[in-house]
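Observations on the model geometry
What follows is each chain in one-letter form.
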Amino acid sequence: MKITAAITGVGAYVPDYVLTNKELETLVDTTDEWILSRTGIQERHILKGEGQGTSVMGIKAVEQLLAKTGTRAEDIDLIICATTTPDLVFPATANIISAAVGAKKAFSYDMQAACSGFMFALATGAQFIQTGTYKKVVVVGADKMSSIIDYTDRSTCIIFGDGAGAVLLEPNNDGLGLLDQQLCSDGNGEPFLHQKAGGSRRPPSAETVAGREHFVYQEGATVFKFAVKNMADVAAQVMERNQLTATDVAWLVPHQANKRIIDATAHRMGVGPEKVMLNIHRYGNTTNGTIPLCLADYESQLHKGDNLIIAAFGGGFTWGSLYLKWAYDAKPNQ
């Protein structure tokens, strides 16, 4: 049998502090009703505290994953961290996570593809399993989006939150795990969703800080239109290529950016709301954290052999879809 890469465990973490729509009403000109009707978001979690970076959440998610699966940190071969908000330019946040959890044998690196990063990292990590190179690969999706959000900009501050999730990939010979993928990107989307300064093109300076250029910039209408079409289309294409009907799909696992985008993707696939993983109301858009947080929240409802379609869209533009057959039934204490 062909070796496939199966998810054999999930871990997750969100910070304690909850930023509600009501609190946002005191920061910008908005209302709870306006936010909820346009995004589906009620609250989001924010990582507070001096010196608290993305790795703090990634470490906790991986520690929970290892505990739940009974995996020793020293047995991990590779850790990939998908993040748009690394602790530092270097070293990689994945390096910081691996050292903290005691994964001494693992090599580690970061992957950046905006909101599609976790999906891209999952597909990449799977290659190391499928080729027989490694036996245990941990893929982390984590972001502290609050660190790059302008809380005077109502078009972006209502959307994003902080959080992290992690999955363990292991070899499978029973046809379970990652079975197909379609990953896409288009750099022409840069003007519509980006961070203006902080990179090598426009390094940090007094001018860039004063100009508030280190925050997320988004042209919402353009991004929304592009996301609806491409995220929905690619998910449908993966289904068609694998001869899957809506009846065959147990769950759609969509990136949690906007409930209207999620609804459009489900409609294009012909999947009813009862089959759509949804937690945007609790966390907002945690960028690379959204998909693993969904898997963690819905883990108890997943069953061995379930067909999952994962779909995401991010700045860059990046987008894609994965076809995954779930590999286990969660234990009662999970």
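Heads up: these notes are all about the structure in this document. Bear in mind that the values here come from a model prediction, so they are computed numbers and not experimental data. (Residues numbered from 1 in each chain as written. Predicted model: local features only at pLDDT ≥ 70, side-chain atom pairs only at ≥ 80, totals over all residues. Heavy atoms only, no water.)

What follows deals with the overall build of the chain. Looking only at helices and strands, one finds eleven helices and 13 strands in the chain. When each of the 334 residues of the chain is scored for burial, the buried share is 54%. Put simply, of all contacts in the chain between residues at least 6 apart along the chain, 76% involve residues at least 24 apart. Within the structure as shown, the chain displays about 13,900 Å² of accessible surface, and the carbon and sulfur contribution to it stands at 52%. Of note, the chain has its 29 positive side-chain charges centred 3 Å away from the centre of its 35 negative side-chain charges. (Helix = DSSP H or I, 4+ residues; strand = E, 2+ residues; numbered from the N terminus. Buried < 20%, exposed > 50% of the residue type's maximum accessible area, 1.4 Å probe, protein only. Contact = heavy atoms within 4.5 Å. Areas by Shrake-Rupley, 256 points an atom, 1.4 Å probe, with all protein chains shown as cover. Lys, Arg positive; Asp, Glu negative; His and termini not counted. Charge placed at Lys NZ, Arg CZ, Asp CG, Glu CD.)

Glancing now at helix α5 (residues 117-130). If you check α5, its first and last C-alpha atoms are 20 Å apart, about what 14 residues at 1.5 Å a residue would give, namely 20 Å. Here α5 lies mainly inside the structure; ten of its 14 residues are buried. Burial in α5 covers these residues: Gly117, Phe118, Met119, Phe120, Ala121, Leu122, Ala123, Gly125, Ala126 and Ile129. Positive backbone phi, at 80°, marks Gly132, one or two positions downstream of α5. (Expected span 1.5 Å × (residues − 1).)

With 41 residues, the main nonpolar core has Ile7, Leu122, Met277, Leu295, Leu308 and Trp326 as its most contacted residues. Ranked by residues supplied to this core, first place goes to α5 with eight residues. By size, the runner-up hydrophobic cluster in this structure holds 39 residues, among which are Ile35, Ile46, Met145 and Tyr323. (Core = buried A, V, L, I, M, F, W, Y, C linked by side-chain atoms within 4.5 Å.)

Tracing the backbone shows Asn288 in the loop between α10 (280-283) and α11 (290-297). Taking relative accessible area as the criterion, Asn288 reaches 0% and is therefore assigned buried. Separated by 3.3 Å, the side chain of Asn288 and the backbone nitrogen of Gly117 make a polar contact. Here Phe118 takes part through its backbone nitrogen, which lies 2.9 Å from a polar atom of the side chain of Asn288. With residues near it in sequence (within four places) discarded, Asn288 still touches Ala82, Thr83, Thr84, Ala114, Ser116, Gly117, Phe118, Gly141, Ala142 and Asp143. (Polar contact = N/O pair within 3.5 Å; in protein donor to acceptor, adjacent residues only side chain to side chain.)

This structure, assessed with the given rule, holds eleven aromatic pairs. Aromatic side chains Phe107 and Tyr134 sit 6.0 Å apart centroid to centroid with 50° between the ring planes, which places their arrangement in the tilted category. You can see Phe107 sitting in strand β5 (residues 107-111) and its partner Tyr134 sitting in the loop between α5 and β6 (137-144), a full 27 residues away along the chain. With a relative accessible area of 23%, Tyr134 lands in the partly exposed category. With centroids separated by 5.0 Å and ring planes inclined at 35°, the aromatic side chains of Trp326 and Tyr328 adopt a geometry described as tilted. There is no split in this pair, since Trp326 and Tyr328 are both buried. (Phe/Tyr/Trp six-rings, centres within 6.5 Å; stacked < 30°, edge-to-face > 60°.)

A separate point is the sheet that holds strand β11 (residues 251-254). What the four strands build is an open sheet, ordered β8-β13-β12-β11; its pairing is mixed. Lying at the two open borders of the sheet, with one neighbouring strand each, are β8 (177-185) and β11. Here the average twist between neighbouring strands, direction ignored, is 15°. As paired strands, β8 and strand β13 (residues 318-325) are joined by eight bridges and run antiparallel to one another. The partner of Leu183 across the bridge, within β13, is Gly320. (Pairing = 2+ DSSP bridges. Axes fitted to C-alpha atoms, helices over the stretch in contact; angles between N-to-C directions.)

Attention now moves to the sheet that holds strand β1 (residues 4-13). The sheet built from five strands is open, its strands ordered β1-β7-β6-β4-β5 with mixed pairing. With one partner strand each, in any of the chains shown, β1 and β5 form the two edges of the open sheet. Across this sheet, the average inter-strand angle for adjacent strands is 20°, counted without regard to direction. In this sheet, β6 lies alongside strand β4 (residues 78-82) in parallel orientation, the contact comprising five bridges. Its bridge partner lying in β6, Ala82 is registered against Gly141. Its contacts with the sheet put helix α3 (residues 54-69) on β1, β6 and β7 (162-172), and the angle it makes with β1 is roughly 120°. Its contacts with the sheet put helix α4 (residues 93-101) on β4, β5 and β6, and the angle it makes with β5 is roughly 140°.

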